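Take a look at the letters that make up each chain.
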Amino acid sequence: MISDELEQRMRTIKHKHFANDTIYSYLDDGDLQKIEDEVAVAFQGVLKALAINTREDHNTKDTARRVAKMYVHEIFKGRYYPPPEVTAFPNAKQYDQLYMTGPISVDSTCAHHFQPISGQCYIGIFPGKKVIGLSKFNRLVDWIVSRPQIQEEMTEQIADTIEKETEAKGVAVIVKAEHFCMTARGVKEHESDMMTSVLRGDFLKIDHLKSEFFSLLGNMKGMK
Ligand SMILES: [Zn+2]
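Cut-offs applied
- Residues numbered from 1 in each chain as written.
- Predicted model: local features only at pLDDT ≥ 70, side-chain atom pairs only at ≥ 80, totals over all residues.
- Helix = DSSP H or I, 4+ residues; strand = E, 2+ residues; numbered from the N terminus.
- Buried ≥ 20, exposed ≤ 12 C-beta atoms within 10 Å, placed from the backbone.
- Contact = placed C-beta atoms within 7 Å.
- Domains from an automatic or database assignment.
- Pairing = 2+ DSSP bridges.
- Axes fitted to C-alpha atoms, helices over the stretch in contact; angles between N-to-C directions.
- Core = buried A, V, L, I, M, F, W, Y, C linked by C-beta atoms within 7 Å.

**Points about the overall build of the chain**
Each helix and strand in the chain was counted, giving nine helices and seven strands. Dimensions of the chain, computed from the C-alpha atoms along their principal axes, are close to 65 × 40 × 30 Å. Looking at the chain as a whole, 28% of its 224 residues qualify as buried. Summarising the internal contacts of the chain: among those between residues at least 6 apart in sequence, 70% fall at separations of at least 24.

Below, the structure written as structure tokens:
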């Protein structure tokens, strides 16, 4: 089975391959199809265990395959696909003020319950020598959140990646999200959002930069 092969491969290189790690660079040609096939068989087992007659039920006949495709190529694609290409440009005009982007949609999955995490991300940049296209922030965020996640680690991973790609002097990341494991089950609290924030570089060193970030944040779409 491909999962056993991958387990062996990861063990050899000591890659922890947790739910929110990406493993795309360790996959060979054809592995993605093998993963999809194995997930389809395994999910068929889940449906069978739930005592669903998938042989005759028109609604669930192809569900296992649909779920497998969705996991591998869509909602967990950040594990199996490479990151988006990011072209950096020189900060030619030497812009040295804070800029912000957001809300960026966050459609993720809770690693504890495999339930949706749905929300927004806001990014503040205090630029260095490089700038990247605005849409690249959205693509990078989508790549990171498309894994089974917990919000705290997701926010750190977004900050790590943005820091690496922009080489900014300061990076600030806020994620505000609804967790369906809280709202659709368990306590069924529909009003709760979770907010996480990670500040890096100059946002930690320069007080006025941090306060400017939070005052601008309060005026952004979705923050009122
Ligand atoms: Zn959960």
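**Here's the deal with the domain arrangement of the chain**
Looking at the chain, the domain boundaries give domain 1 (2-80) and domain 2 (88-217). Each of domain 1 and domain 2 has a C-alpha centre, and the two are 28 Å apart. Top element by residues in the side of domain 1 that touches domain 2 is helix α4 (residues 77-80). It accounts for three residues.

**Some thoughts on the pairing of strand β6 (residues 170-179)**
Buried residues dominate β6, accounting for nine of its ten residues. Examined bridge by bridge, strand β3 (residues 116-126) and β6 share ten bridges and lie antiparallel to one another. Note on β6: the bridge partner recorded for Gln120 is Lys176. With eight bridges joining them, β6 and strand β7 (residues 194-201) adopt antiparallel strand pairing. Residue pairing for β7: Ala177 is matched across the bridge by Met194.

**So, the sheet that holds β7**
Spatial strand order, β5-β2-β3-β6-β7: five strands in an open sheet with mixed pairing. Whereas interior strands pair on both sides, the edge strands pair on one side only; in this sheet they are β5 (148-149) and β7. Contacts from helix α6 (residues 151-166) reach β2 (99-110), β3, β5, β6 and β7 within the one sheet, and its direction differs from that of β6 by about 150°.

**Focus on the nonpolar core**
Core analysis: the largest hydrophobic core is formed by 30 residues, its most contacted members being Val106, Cys121, Ile123, Val141, Ile158 and Val173. Contributing elements (two or more residues each) for this core: β2, β3, α5 (134-145), α6, β6 and α9 (207-217). The contact partners of Val106, leaving out residues within four places of it in the chain, are Ile117, Ser118, Gly119, Gln120, Cys121, Val141, Val145, Val175 and Ala177. Residues Ile35, Val39, Ala64 and Val72 belong to the second largest nonpolar core, which totals eight residues.

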